Amino acid sequence: MTAARASGEKITSTIDPQSFACSTLAAELADEWSELASAAALSISSVNAYRRTVINFCEHVDSTVPRPWSASFARGEPDLHFAVTEWLRLLPAQYKTGSRDPGWSAGRLRSLIARRVEHPDRDVVGHLHGWVKGAVGLSRGQTEELDEFTRADKKRLVQAAWADRLATEARIRAGWAQAATGTDPAEGGWDVPANLLWALAHNAWTCKEIASNLPTWRLMPAPLRDLVPGDISPKVGIRILLRFLVRQLFPHNLDLHSYRILLMAATGRTSEEVSGLREDDVEFGTRSVMIDFSKRRARHEARQAFSSADDASVLLPSKPRLDAAEIIRGLLVLTRPLAEQAGITPVPLFLRAAVHNYTMTIRPFEGHLEGATLPDWMASQGVSVTGPVDIRRLRKSGKVEKAIAFKGRISDIADDHSEETFRNHYAHGTTLRVIAGNVIATAQQRWFDQAINGPIVLTPEDEESLEDPDTAAALGLSAEDIEQLRAGQLDMGVSSCKDPFDSPFGRAGQLCPVAPTRCLECRNAFVLPSNLPQLLLFAAHLERLQLRLSPQHFHALWGQSRVNVLAAINARTDAELAQARQQITDQGLTLHLPLGTQVEFDA
């Protein structure tokens, strides 16, 4: 059985049912595999993964099921439900602990059986219907989460991608310009490179037809031989020449890595969302571009706008410019001719050409294509990074930048997935340290603000300066407030209060519930010279209280009040302090505290 979409490019394209004892079952699964590969337009790696699942399950049936030659979904005996259950039980032992592969493999088998269940002309008997509708039966396993690229590594990647993009576009522009000077090689000659480029550009001759009209590599004319420098084996010389000619007109898989990196850096989206874009997903505006992103695994679609710079303002085109609209326009120029040749509409942004067995194929970009992977691209550009080479790390770098910008607010960072997804896949490593650091800094700032957000201490000179409207306004006091302060109407004991009904320790409109014990920690408090006797009495009371309570308990309840009251006392002169102490003695003053606080203190 041959997968309809698999035409020989790195796909083991057949499943031979006759190689299994359960040949009937193998043929049934192979049919579903072939149709699914065609209908779902699966990637090459997915097609091969389904094939491996079919082979693995059929090998299990051969070795464990009685009379495997009679196994079929249309028969009740042997019981294939039991075979599936046993296969699921034994599957994790074939992989390392915590691997996600058993869960993915079980899901692929269920997809194939589900297709057969839904087909009106294909019978599936037994209890497999319930398994198809229920859980797979295996957990997805766990993976070690990747950390993001460092800022230096990301900068090197983006710079290399930009340089490679400029080189790719310059190469293809030159190729099309040369093709425009050529003519039909049947008339102008097969030994002229421009004629061969003309044939490929106009789809007038296929690669196989061009190869059949060329001499052997040993007799190849110099103009063509010189296009492929180096010592080339005669067996592969013509194929390498055809690949060179195709790359002068169309992007190769290796070329598209730079565009993927630039678009991921410009948009902050995943590799899947970026490489899956088509022309109808993009809407250009005068100074912006609107992009519809689709994440198939999460069944999530999102529309996002990105601003676009004015092309006339680009003074240094050699430096990276993460303009999503400009990058997409450049990419469409490269891929549109390929889409037209293949009759593909709408135009995929990531489309590439390759030559296999003298045949030019036009396919979507493949991130894991052998010989043209991200590590291969990085090696060709001379770029190295710390840690594993994985495109997902670029997405996580964008998440870290967003975490820094939004100061760790998960609701803003997780704007294209759930907060739970953020916690599971992104909130680790540097991201977690950024968020944790911001939480600590916020807590420290809160306590710092509380520590310094105490009363305003006024000297006699300061009190006289309240006559100046500018000074009063700077302190947030009105003329009425000043009169009330001087008349003692706002006296709370150890301090005066500019608004007892706007306490930070109570509800709005409620009379302050903690006066006067917390006045020295309140932003509304004004310590006037007339409050000095009560301040001295309060300081003495706190000294006695410190002897009764444990250090931890005293510091938690009264530590800040003691610091503030001592600061207010130290702001007075020795003469003022002596006068206040004399006033306490002469008038027999005592500390004015509510009964409730006295009970608390004496308890």
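In the block above lies the structure referred to throughout.
For the structure given in this document, a descriptive report is provided here. Computed from a predicted structure; not experimentally measured. (Residues numbered from 1 in each chain as written. Predicted model: local features only at pLDDT ≥ 70, side-chain atom pairs only at ≥ 80, totals over all residues. Heavy atoms only, no water.)

The secondary structure content of the chain amounts to 26 helices and 8 strands. For the chain, the residues scored as buried account for 44% of the 603 residues in total. Considering only contacts within the chain whose residues lie at least 6 apart along the sequence, 62% involve residues at least 24 apart. Of the roughly 31,200 Å² that the chain leaves accessible, carbon and sulfur atoms contribute 53%. (Helix = DSSP H or I, 4+ residues; strand = E, 2+ residues; numbered from the N terminus. Buried < 20%, exposed > 50% of the residue type's maximum accessible area, 1.4 Å probe, protein only. Contact = heavy atoms within 4.5 Å. Areas by Shrake-Rupley, 256 points an atom, 1.4 Å probe, with all protein chains shown as cover.)

This next bit is on the pairing of strand E2 (residues 288–295). Along E2, the buried face is formed by Val289, Ile291, Phe293 and Lys295; none of Ser288, Met290, Asp292 and Ser294, which line the opposite face, is buried. From the end of strand E1 (residues 282–284) to the start of E2, which pair antiparallel, there are 3 residues. (Pairing = 2+ DSSP bridges.)

Moving on, we get to the pattern of salt bridges. Under the definition given, this model contains 17 salt bridges. Residue Glu32 pairs with Arg122 through a salt bridge whose shortest N-O separation is 2.7 Å. Within this pair, whereas Glu32 is found in helix H1 (residues 23–39), its partner Arg122 is found in the loop between helix H4 (101–118) and helix H5 (128–133), the two being separated by 90 residues in sequence. There is no split in this pair, since Glu32 and Arg122 are both buried. (Salt bridge = Lys/Arg side-chain N within 4 Å of Asp/Glu carboxyl O.)

This paragraph deals with the environment of Thr345. With respect to the element layout, Thr345 can be found in the loop between helix H14 (324–342) and strand E4 (351–356). On the accessibility criterion, Thr345 (70% relative accessible area) is exposed. Thr345 sits 66 residues away from Glu279 along the chain, and the two C-alpha atoms are 8.5 Å apart.

Right, let's talk about the packing of aromatic side chains for a bit. Summed over the entire model, instances satisfying the criterion amount to 5 aromatic pairs. Ring centres 5.5 Å apart and planes at 80° place the aromatic pair Phe57 and Trp87 in the edge-to-face group. Here Trp87 lies in helix H3 (residues 80–90) and Phe57 lies in helix H2 (residues 44–64), a separation of 30 residues in the sequence. Each member of the pair Phe57 and Trp87 is classed as buried. Consider the rings of Trp176 and Phe250, whose centres lie 6.0 Å apart with planes at 85°: the pair is edge-to-face. Highlighted residues: Trp176 in helix H6 (residues 151–180) and Phe250 in the loop between helix H11 (237–247) and helix H12 (253–267), separated in sequence by 74 residues. (Phe/Tyr/Trp six-rings, centres within 6.5 Å; stacked < 30°, edge-to-face > 60°.)

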